[in-house]
Amino acid sequence: EPIDPEFGTAEIFLLAAVAVGSFFHWNSFEVLTVGLPLHDVCVLYPDINGKDFDEFVDDIAENGLCDPIETYNGEVIDGKNRQRACEIAGIAPDYVEWSPSEPCKNEQEEISALVAHVTSKNEKRRHMSATERAMTAAKAMALAGGGLKSTAKKFGVSDRLVGHAQKVLRDS
């Protein structure tokens, strides 16, 4: 069956690796997942895919990784797309451990600090639609709590749209 022309190089590579892995032995797929595990905050922002991701992989292959991948307690909190691109480009990624500016008293404070940090690093530099920002806001609220109006304002969307996004997450 022909490959969908909307697939980029990275997606074709992954499909081929899965096909080979399932033909020989599923463990051969582990070659693609040699990076560090992802922290729950990584679900806040969507993956880069298609042509944009292919160009990202090509850039990293040509120029190396410009910004290190941030971790917290050995899990990636910012840089899941960089990690994936490095794996495909065959570049060893650089990691840097993040620590909150203030000590956290409990797990909820820790999650809130992580969400605030990842949001600060990603919200303004990503080109996301209002719907994507609302979904990100709803995911942030599910992880770290917070009020609907203040979270919606922080992500630049209406509280009504975030409410719809919360319903979508609950129903999925």
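Residues numbered from 1 in each chain as written. Predicted model: local features only at pLDDT ≥ 70, side-chain atom pairs only at ≥ 80, totals over all residues. Heavy atoms only, no water.

(A) The arrangement of the overall build of the chain in detail. If you tally the helices and strands in the chain, you get seven helices and three strands. Here the chain holds 172 residues, and 33% of them are scored as buried. Restricting the contact set of the chain to residue pairs at least 6 apart, pairs at least 24 apart contribute 72%. Carbon and sulfur atoms provide 56% of the accessible area of the chain, an area that totals close to 10600 Å². (Helix = DSSP H or I, 4+ residues; strand = E, 2+ residues; numbered from the N terminus. Buried < 20%, exposed > 50% of the residue type's maximum accessible area, 1.4 Å probe, protein only. Contact = heavy atoms within 4.5 Å. Areas by Shrake-Rupley, 256 points an atom, 1.4 Å probe, with all protein chains shown as cover.)

(B) The arrangement of the packing of helix α5 (residues 130-144) against helix α7 (residues 159-171) in detail. Relative to each other, α5 and α7 sit at 65 degrees, their axes nearing to 8 Å. One way to sum up the angle between α5 and α7 is to call them roughly perpendicular. Pair α5 / α7 crosses with right-handed handedness. Between α5, through A130, T131, A134, M135, A137, A138, K139 and M141, and α7, the contact on the second element is made entirely by L161, V162, A165, Q166, V168 and L169. By residue class, the composition of the contact of α5 with α7 is eleven nonpolar, two polar and one charged. (Axes fitted to C-alpha atoms, helices over the stretch in contact; angles between N-to-C directions. Parallel < 35°, antiparallel > 145°, perpendicular 65-115°, else oblique. Left-handed = near helix turned anticlockwise from the far one by under 90°. Nonpolar A, V, L, I, M, F, W, Y, C, P; charged D, E, K, R; others polar.)

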